[in-house]
Amino acid sequence: MMARMGSEMQFESEESGIFRHIHTYVLRAGRMTDAQKRAYEVHAARWCLPFRQSALNFAGIFGDLHPVVVEVGFGMGQATAEIAAQDPDRNYIGIEVHRPGVGRLLAEIERRSLSNVRIIEYDALPVLESMLPDNSVAAFHVFFPDPWPKKRHHKRRLMRRPRTGLFARKLAPGGLLFMATDWQPYAEEACAELSATPQLVNEYDGFAPRPAWRPETAFERKGKAAGRRIFDLVFRKVCPESGGEGARGQ
């Protein structure tokens, strides 16, 4: 998505859950348009959830018991709004630090009359750690996160252990993690890191076919224009007693 992001924190160890500061995204400077500013000023109080150090009550937020999907780094939000509009029986929480993107998604929420979308304007990993209950998320969408192509920056990649363990902990049993990237080395590393994460099982033998429901993003178009292949990954959370089999699907 537009603002390739993860979080500015990283676990020191999976067991301790202690954070240390390592930037895993670059906050792209971007001027808000007048429409984005207006949408932010008028609608943020209604659709944005403030960061807090306690778990969310999904039923209280959305007023129903529908499954909750969390998108990490929704960029400008067009794909998020389209997915949510086509899937009214699921609720969506988008996490983003790029304020122009937040303003754009707020405008889309109002334009499309979407009641199943909420936004958290904060760093992703603290949100996952503090605000999402364990075993609660039906699916994670991580579309085109920052690939950090230079070797010295690989430690900043979002889809690396032990960060992947946090995603696994928050997924409900049977929940799915979807990732897409146009950077082949990152795709290969993410596949290996997710495969080595306890309770996560690859739904496919390697990379997944492109999900038909995933709209094309600006980063995807840019990658294609540069001649890069798009890689999709789909991993499912399994309980130890259930083994590695699971039905494929959204």
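Residues numbered from 1 in each chain as written. Predicted model: local features only at pLDDT ≥ 70, side-chain atom pairs only at ≥ 80, totals over all residues. Heavy atoms only, no water.

Q: I keep staring at the nonpolar core and nothing clicks. Help me out?
A: Across soluble globular proteins, nonpolar side chains show a tendency to be buried alongside one another. Among the nonpolar cores identified, the biggest contains 34 residues, and Val 72, Phe 140, Met 159 and Phe 167 are the most heavily contacted of them. Residue contacts for Phe 140: discarding those within four places in its chain leaves Val 70, Val 72, Leu 128, Leu 132, Phe 167, Lys 170, Leu 171, Leu 176, Leu 177 and Phe 178. The next biggest cluster of nonpolar side chains, apart from the first, holds 30 residues, and it includes Ala 44, Ile 109, Phe 178 and Ile 230. (Core = buried A, V, L, I, M, F, W, Y, C linked by side-chain atoms within 4.5 Å. Buried < 20%, exposed > 50% of the residue type's maximum accessible area, 1.4 Å probe, protein only. Contact = heavy atoms within 4.5 Å.)

Q: When you look at the packing of aromatic side chains in this model, what are you seeing that I'm missing?
A: Each aromatic ring pair is described using two quantities: the centre-to-centre distance and the angle formed by the ring planes. Using the criterion set out here, one finds five aromatic pairs in the structure. With a centroid separation of 4.0 Å and an interplanar angle of 5°, the aromatic rings of Phe 51 and Tyr 122 are classed as stacked. With Phe 51 in the loop between α1 (34-47) and α2 (58-62) and Tyr 122 in the loop between β5 (117-120) and α5 (124-131), this pair connects stretches of sequence that are 71 residues apart. On the basis of an interplanar angle of 50° and a centroid distance of 6.3 Å, the ring pair of Phe 143 and Trp 213 is categorised as tilted. Residue Phe 143 is located in strand β6 (residues 137-143), and its partner Trp 213 is located in the loop between β8 (200-202) and α8 (218-225); the two are separated by 70 residues in the primary sequence. (Phe/Tyr/Trp six-rings, centres within 6.5 Å; stacked < 30°, edge-to-face > 60°. Helix = DSSP H or I, 4+ residues; strand = E, 2+ residues; numbered from the N terminus.)

Q: In this structure, what is going on with the sheet that holds strand β9 (residues 231-237)? I would like to understand it.
A: Each strand in a sheet pairs with its neighbour through backbone hydrogen bonds, running either in the same direction (parallel) or in the opposite one (antiparallel). Pairing within the open sheet is mixed, and its seven strands lie in the order β5-β4-β3-β6-β7-β9-β8. Among the strands making up the open sheet, the edge pair consists of β5 and β8. Mean inter-strand twist for the sheet, computed between neighbouring axes without regard to direction, equals 20°. Sitting on the sheet, helix α7 (residues 184-195) touches β7 (171-181), β8 and β9, and the angle it makes with β9 is about 10°. (Pairing = 2+ DSSP bridges. Axes fitted to C-alpha atoms, helices over the stretch in contact; angles between N-to-C directions.)

Q: Any chance you could explain unusual backbone geometry here in plain terms?
A: Trans peptide bonds make up most of the peptide bonds, and negative phi angles are found at most residues other than glycine. Here Arg 161 and Pro 162 are connected by a cis peptide whose omega angle stands at 0°. Of note in the backbone geometry, Asn 135 takes a positive phi value of approximately 55° without being a glycine. Looking at the secondary structure, you find Asn 135 in the loop between α5 and β6. At Phe 144, a residue that is not glycine, the phi angle is positive and equals roughly 60°. Looking at the secondary structure, you find Phe 144 in the loop between β6 and α6 (163-170). On the accessibility criterion, Phe 144 (1% relative accessible area) is buried.

Q: Got a minute to help me understand the pattern of salt bridges in this structure?
A: Oppositely charged side chains can form a pair if their charged atoms are brought close together. Going through the model one piece at a time under the given rule, you end up with 19 salt bridges. One salt bridge connects Glu 189 with Arg 157, and the closest N-O pair in it is separated by 3.1 Å. Remark: Arg 157 occurs in the loop between β6 and α6 and Glu 189 occurs in helix α7; sequence separation between them is 32 residues. Judged on exposure class, the residue Glu 189 and its partner Arg 157 are both buried. Here Lys 224 ties to Glu 216 by a salt bridge, and the two come within 2.9 Å at their closest N and O atoms. (Salt bridge = Lys/Arg side-chain N within 4 Å of Asp/Glu carboxyl O.)

Q: Please clarify how α5 should be interpreted in this entry.
A: Residues spaced three or four apart along an α-helix face the same direction, because each turn holds 3.6 residues. For α5, the tally of buried residues reaches seven of eight residues, placing the bulk of the element in the interior. Among the residues of α5, those classed as buried are Ala 124, Leu 125, Pro 126, Val 127, Leu 128, Ser 130 and Met 131.

Q: Hey, could you run me through α7 in this one?
A: Here α7 is 12 residues long and its end C-alpha atoms lie 16 Å apart, about the 16 Å a rise of 1.5 Å per residue gives. Those residues of α7 lying buried are Tyr 186, Ala 187, Glu 189, Ala 190, Cys 191, Glu 193 and Leu 194. (Expected span 1.5 Å × (residues − 1).)

Q: Looking at this structure, I do not really get the environment of Arg 111. What am I missing?
A: Checked against the element boundaries, Arg 111 lands in helix α4 (residues 99-112). Taking the relative accessible area as the measure of exposure, Arg 111 reaches 57% and is therefore exposed. Along the chain, Arg 111 and Ala 81 lie 30 residues apart, while their C-alpha atoms are 9.9 Å from each other. There is a polar contact of 3.0 Å between the side chain of Arg 111 and the side chain of Glu 108. (Polar contact = N/O pair within 3.5 Å; in protein donor to acceptor, adjacent residues only side chain to side chain.)

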